[in-house]
Amino acid sequence: MSDLLKTTNLNLSFGSIVVADNIDFSLKEGERLAVIGQNGAGKTTFINICTGLIRPDSGNIYFADEDITKKSARAIVKMGMVRSFQLPQVYSEHTVRECIELSLAARDNKTSLFKSLSSCVDQKEVYEVLTSIQLLDRSDVLAGSLPEGHKKLLDIAMALVLRPRLLIMDEPTSGVSSQEKHEIMRILMGVLDKYKVTSIFVEHDIDIVSQYATRVAAWISGAIAADGAPDMVLNDPVIQEQVLGQSFSRTEPNMNTVKLVKGVS
Ligand SMILES: Nc1ncnc2c1ncn2[C@@H]1O[C@H](COP(=O)(O)OP(=O)(O)O)[C@@H](O)[C@H]1O
Ligand SMILES: [Mg+2]
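Residues numbered from 1 in each chain as written. Chains lettered and ligands numbered in written order. Predicted model: local features only at pLDDT ≥ 70, side-chain atom pairs only at ≥ 80, totals over all residues. Heavy atoms only, no water.

> Can you walk me through the domain arrangement of the chain in this structure?
By convention, interface size is frequently given as the accessible area that disappears when the constituent parts associate. Looking at the chain, the domain boundaries give domain 1 (3-87 + 164-259) and domain 2 (91-145). Computed from C-alpha atoms alone, the centre-to-centre distance between domain 1 and domain 2 is 29 Å. With 6 residues of domain 1 at the contact, the number on the domain 2 side is 4 residues. Buried area between domain 1 and domain 2, both sides added, is near 410 Å², and the carbon and sulfur share of it is 50%. It is Ile187, Val191 and Tyr195 in domain 1 that bury the most area against domain 2; as a group they hold 74% of the surface buried on that side. Linking domain 1 to domain 2 there are 0 salt bridges. Class assignment for the residues of the side of domain 1 that touches domain 2 results in 3 nonpolar, no polar and 3 charged. (Domains from an automatic or database assignment. Contact = heavy atoms within 4.5 Å. Buried area = accessible area lost by both parts, 1.4 Å probe. Salt bridge = Lys/Arg side-chain N within 4 Å of Asp/Glu carboxyl O. Nonpolar A, V, L, I, M, F, W, Y, C, P; charged D, E, K, R; others polar.)

Quick look at the structure:
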C-alpha cells in the first residue's frame, strides 16, 4: 500500500532552535497514529509544516503521492488533509447546528443572501453529523457555552464535514476533564471509523494513547526518537525516561493498562 502522508529530510530551525531535525516519516491509510513528546518537542510545528501553515527550511512533504511542499494550506485541505487545533475553533456566537451548517455551506459554496442558512444546506447531512458526534440534543445550544469536551467534538465534526482522508488532531483531549476524556475519544474514534478517516492525534495521556492508537511516534527535540507499535514505543527505556518521565508506572505488565502517575508536560 502506498503512503498517504510522507515527509523526507524535513528540516526547520527557529533561530538556534532546531524544531524539525531531518524528519523522515510516513503514514499509511487506515492508521491511527498517536504523537507523544514533551512540550516544545516540535509536535505542533510538524503538523503546521505538513498542513502548509509553515514552510520547512528543506525537505519535502507528499500527500497521496503528490508533492505538496509548496502548496497553500487551503489547497491541502481541498486535497483531503484537514487538521484541528489545540484550542477548538468553533463559532462561539452560533448554535451547534449553525456551526455545522456554516461548515457545510462553506464546503459546498452554498451561502445565499436570499435564503436562510438552514435552507442552503442538506438537513439530512446536518442531522447525520450531529447524530454521529452525539450532539443532536445540544443542537440549539450556543457553541461558546458548551463544555470543553463537547466543543472539541464540535470542532472536529466541523473538520469532518470537509470529508478528509486524513485528520490531524492537535491534543483533542487537552483541557478536557479526565472523566470526560475517554468518552470524547470513544465518540471521536467511532466517527473516524464510520467515515473511514485515517488519523494522527497528539496526546499526553498514556492511557488514551494505549487504548486508541495503532501506532505511536515519540518526538524528542524536533526528531522522531521512536516510531512503531504502541507496546514497543511505550516500553522503550529512552522514551520512558525522556518523554514519559520517571514517575511513570504500570498497574500490570500489559502496556494497555499503563498509568501515568504524574502528567507529562
Ligand atoms: N513561530 C515560531 N517562532 C519561533 N519559535 C517557535 C515558533 N513556533 C514554535 N516555536 C518553538 O519551537 C519549539 C517547538 O514548538 P512546538 O512545535 O509548538 O512544540 P510542541 O507542540 O511539541 O509542544 C518550541 O521551542 C517553540 O517555542
Ligand atoms: Mg503543541
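Continuing now.
> Would you explain the packing of aromatic side chains in this entry?
One pair of aromatic rings is described through two measures. These are the centre distance and the angle between the planes. In the structure shown here, the tally under the stated rule is 2 aromatic pairs. Ring centres 5.2 Å apart and planes at 75 degrees place the aromatic pair phenylalanine 25 and phenylalanine 46 in the edge-to-face group. Taken together, the residues span a long stretch of sequence, with phenylalanine 25 in strand S2 (residues 17-28) and phenylalanine 46 in helix H1 (residues 43-50) at a distance of 21 residues. The pair phenylalanine 25 / phenylalanine 46 is uniform in exposure class, with both members buried. Arranged with centres 4.9 Å apart and planes meeting at 55 degrees, the rings of phenylalanine 46 and tryptophan 219 form a pair that is tilted. Of this pair, phenylalanine 46 sits in helix H1 while tryptophan 219 sits in strand S9 (residues 215-220), and the two are 173 residues apart along the sequence. Tryptophan 219 carries the same exposure label as phenylalanine 46, and that label is buried. One aromatic cluster in this structure is built from Phe25, Phe46 and Trp219. (Phe/Tyr/Trp six-rings, centres within 6.5 Å; stacked < 30°, edge-to-face > 60°. Helix = DSSP H or I, 4+ residues; strand = E, 2+ residues; numbered from the N terminus. Buried < 20%, exposed > 50% of the residue type's maximum accessible area, 1.4 Å probe, protein only.)

> What is the right way to look at the site of ligand 1 in this model?
Around ligand 1 sit Phe14, Val19, Gln38, Asn39, Gly40, Ala41, Gly42, Lys43, Thr44 and Thr45, and that is every residue in its neighbourhood. Glycine 40 places a main-chain nitrogen or oxygen 2.7 Å from an oxygen atom of ligand 1. The separation between an oxygen atom of ligand 1 and a polar side-chain atom of lysine 43 is 2.8 Å. Relative to its free-state accessible area of 570 Å², ligand 1 is covered by the protein chains to the extent of 59%. Ranked by residue count, the leading element in the shell around ligand 1 is H1, at 3 residues. By residue class, the composition of the shell around ligand 1 is 3 nonpolar, 6 polar and 1 charged. (Near = heavy atom within 4 Å. Polar contact = N/O pair within 3.5 Å; in protein donor to acceptor, adjacent residues only side chain to side chain. Areas by Shrake-Rupley, 256 points an atom, 1.4 Å probe, with all protein chains shown as cover.)

> Quick question: what am I supposed to make of the pattern of salt bridges here?
Between side chains of opposite charge, a pair can form as their charged atoms come close. Within the structure shown, the criterion is met by 12 salt bridges. For arginine 163, the salt bridge is made with glutamate 125, and the minimal N-O distance between the two is 3.7 Å. Of this pair, arginine 163 sits in the loop between helix H6 (148-160) and strand S7 (166-169) while glutamate 125 sits in helix H5 (residues 123-132), placing them 38 residues apart in sequence. We note a salt bridge from lysine 181 to aspartate 205, for which the minimum N-O separation is 3.6 Å. Remark: aspartate 205 occurs in the loop between strand S8 (198-202) and helix H8 (206-212) and lysine 181 occurs in helix H7 (residues 178-194); sequence separation between them is 24 residues. Each member of the pair, lysine 181 as well as aspartate 205, is classed as buried. Overlapping salt bridges, with partners in common, bring together Arg107, Asp108, Glu125 and Arg163 in one network.

> Would you explain the sheet that holds S9 in this entry?
The strands making up a sheet associate through backbone hydrogen bonding, with each pair oriented either parallel or antiparallel. Reading across from one edge, S6-S7-S8-S3-S9-S10 is the order of the 6 strands in this open sheet, with mixed pairing throughout. Looking at strand neighbours, the two that pair on one side only are strand S6 (81-84) and strand S10 (223-228), the edges of this open sheet. On average, adjacent strands in this sheet sit at an angle of 20 degrees to one another, irrespective of strand direction. Across 4 bridges, S6 lies against S7 in parallel orientation. Within S7, the residue paired with valine 82 across the bridge is leucine 167. Its contacts with the sheet place H1 against strand S3 (32-37), S6, S7, S8 and S9, and it is angled at close to 145 degrees to S6. (Pairing = 2+ DSSP bridges. Axes fitted to C-alpha atoms, helices over the stretch in contact; angles between N-to-C directions.)

> Sorry, what's going on with H1 here?
Every α-helix winds through 3.6 residues per turn, so residues three or four apart in the chain are directed the same way. H1 sits mainly inside the fold: 7 of its 8 residues count as buried. The first or second residue beyond H1 is glycine 52, which carries a positive phi of 85 degrees.

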